[in-house]
Amino acid sequence: MIELPEAQTVARQIDADLRGKGIAAAQRGNSPHKFAFYTGSPEEYEATLVGRTICGAEAMGNHIVVAVEPGYVLALGCGGERILYHPDAQTLPKKHQLLLRFADDTYLTVSVQGWGAAQLVPREDLGARTYVDPGRVSPLGGAFTLEHYDGLFQDLEPKDSRSIKFFCISKPGIWGLGNGYLQDILYQAHVHPRRKAADLTPDERRALFDATVDVLRRATDLGGRDTERDLHNRPGGYRPALDRRMVGEPCPGCGTPIAKIQFQGGSCYFCPDCQPL
Ligand SMILES: [Zn+2]
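Residues numbered from 1 in each chain as written. Predicted model: local features only at pLDDT ≥ 70, side-chain atom pairs only at ≥ 80, totals over all residues. Heavy atoms only, no water.

J.: Outline the sheet that holds strand 8 (residues 107–112), listing residues and values.
T.: With antiparallel pairing, four strands are arranged side by side in an open sheet as 1-7-8-6. Whereas interior strands pair on both sides, the edge strands pair on one side only; in this sheet they are strand 1 (23–27) and strand 6 (81–86). When strand polarity is set aside, the average angle formed by the axes of neighbouring strands in this sheet is 10°. Alignment of strand 1 against strand 7 (residues 98–102), held across four bridges, turns out to be antiparallel. The residue bridging Gln 27 from the neighbouring strand is Leu 99, located in strand 7. Contacts between helix 2 (residues 42–49) and the sheet are confined to strand 1 and strand 7, with strand 1 contributing the most and set at about 170° to the helix. (Pairing = 2+ DSSP bridges. Helix = DSSP H or I, 4+ residues; strand = E, 2+ residues; numbered from the N terminus. Axes fitted to C-alpha atoms, helices over the stretch in contact; angles between N-to-C directions. Contact = heavy atoms within 4.5 Å.)

Dropping the structure here:
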């Protein structure tokens, strides 16, 4: 799944490697996918994209917003897409949800695994899309301070039942953070995923803030997780501290076997000793 570090990585690569490429052909996928989210018909995609030019890309949360000039953007990301550049037709996947052929006979494909988006949006409508809302605060940016983070907790009523997991990835949510990196953040801060957000102490909130910034910065610097792929189909350099490979393995901090639970629509991994409930 694409989260903020993967979105940053792919956006940076599109910006560097695809900028200036003219679109000679566009296909809104050759394989129907129930959970691929589009904004128009295949004919509309083809008519709009052909003749336009890739003019850069940036990450917004877990989305990759590609400038398609004049006047449009492609919003990719948010899910399990594989977004790949192909120097020739040899490596094109059999099934895809979006294919662009550039004038120099190179390609970009988007293949959705699970769910994902390939939305073609007029640039002036981008601000109305909450998922790419430029007004949101990136945990990699200077506005993401401890004061800002603590402020999110001030909105909680004492009886609010939200778990820290739900708080971090759903409401209010840290922009671009999903269930993957959340495991390492909670582990590093010694907070159990089932803890109620409203019950955390100031020290625990501080530890979570520090871990959020540290994990997401390191992962971004390393090009995302080693289970994900970049634009050139290379795995990232960030090995998660906790993921499915660690279940039953000793916690690096205390030796207790790492546990797994299903909680709020996803797997959670934690050390029962370092992250007490
Ligand atoms: Zn431990």
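J.: Got a sec to walk through helix 3 (residues 146–154)? Specific residues and values, please.
T.: Note on helix geometry: an α-helix contains 3.6 residues per turn, so any two residues three or four positions apart are oriented the same way. Along helix 3, the residues classified as buried are Leu 146, Tyr 149, Leu 152 and Phe 153. Down the axis of helix 3, the buried set is contained in an arc of 120°. They therefore lie on one face. Exposed and oriented more than 90 degrees from the buried face of helix 3 are Glu 147 and Gln 154. (Buried < 20%, exposed > 50% of the residue type's maximum accessible area, 1.4 Å probe, protein only. Arc of directions from axis to C-beta.)

J.: Lay out the pattern of salt bridges in plain terms, naming residues and giving numbers.
T.: Following the criterion strictly, the structure yields 14 salt bridges and no others. With a shortest N-O distance of 2.7 Å, Asp 15 and Arg 19 are connected by a salt bridge. A salt bridge links Asp 230 to Arg 234; its shortest N-O distance comes to 3.1 Å. Here Asp 230 falls in the buried class, since its relative accessible area comes to 8%. Judged by relative accessible area, Arg 234 falls into the partly exposed class, the value being 45%. (Salt bridge = Lys/Arg side-chain N within 4 Å of Asp/Glu carboxyl O.)

J.: Kindly report on the packing of aromatic side chains, identifying the contributing residues and their values.
T.: Geometry of an aromatic ring pair is reported as the spacing of the ring centres plus the angle between the planes. One pass over the full model with this rule turns up seven aromatic pairs. Between the aromatic rings of Phe 144 and Tyr 149, the centroid separation amounts to 5.9 Å while the plane-to-plane angle is 65°, which identifies the pairing as edge-to-face. The class of Phe 144 is buried, set by a relative accessible area of 6%. With centroids separated by 5.3 Å and ring planes inclined at 70°, the aromatic side chains of Tyr 149 and Phe 153 adopt a geometry described as edge-to-face. With Tyr 149 and Phe 153 both in helix 3 and four residues apart, this pair spans about one turn of that helix. This pair shows no difference in class: Tyr 149 is buried, exactly as Phe 153 is. Site record: aromatic cluster; members linked through ring pairs are Phe 144, Tyr 149, Phe 153, Phe 167 and Phe 209. Above the ring of Tyr 38, the side-chain terminus of Arg 28 is found at 3.7 Å from the ring centroid. For the cation-ring pair, Arg 205 lies above Phe 153, with the distance from its terminal atom to the ring centre recorded as 5.5 Å. (Phe/Tyr/Trp six-rings, centres within 6.5 Å; stacked < 30°, edge-to-face > 60°. Lys NZ or Arg CZ within 6 Å of the ring centre and 35° of its normal.)

J.: Please set out the coordination of the zinc ion residue by residue, giving values where relevant.
T.: The coordination sphere of the zinc ion contains the protein donors Cys 251 (SG), Cys 254 (SG), Cys 271 (SG) and Cys 274 (SG), at a distance range of 2.2 to 2.4 Å. What the four donor atoms of the zinc ion show is an angle range of 100 to 113° at the metal, which sorts the shape as tetrahedral. Classification of Cys 251 as buried rests on a relative accessible area of 4%. (Donors = N, O, S within 2.8 Å, 3.2 Å for Na, K, Ca; no water. Tetrahedral: all angles 85-135°; square planar, octahedral: opposite > 155°, others 65-115°.)

J.: Break down the environment of Pro 42 for me, with residues and values.
T.: One can find Pro 42 in helix 2. For the pair Pro 42 and Tyr 107, spaced 65 residues apart in sequence, the C-alpha to C-alpha distance is 18 Å.

J.: Please give an account of the domain arrangement of the chain that cites residues and values.
T.: Note: interface size is frequently given as the accessible area lost on complex formation between the parts. Its domain assignment divides the chain into domain 1 (4–132) and domain 2 (146–270). Computed over C-alpha atoms, the centres of domain 1 and domain 2 are 28 Å apart. On the domain 2 side, the residues contacting the 21 residues of domain 1 number 17 residues. At the boundary of domain 1 with domain 2, the tally comes to one salt bridge. Here Glu 6 makes a salt bridge to Arg 225, at a shortest N to O gap of 3.0 Å. Counting across the domain 1 and domain 2 interface gives seven residue pairs in polar contact (both at pLDDT 80 or more). Taken together, the elements giving at least two residues each to the side of domain 1 that touches domain 2 come down to helix 1 (4–17) and strand 6. Considering each element in turn, the side of domain 1 that touches domain 2 owes the most residues, ten residues, to helix 1. Tallied by class, the residues present in the side of domain 1 that touches domain 2 amount to twelve nonpolar, five polar and four charged. (Domains from an automatic or database assignment. Polar contact = N/O pair within 3.5 Å; in protein donor to acceptor, adjacent residues only side chain to side chain. Nonpolar A, V, L, I, M, F, W, Y, C, P; charged D, E, K, R; others polar.)

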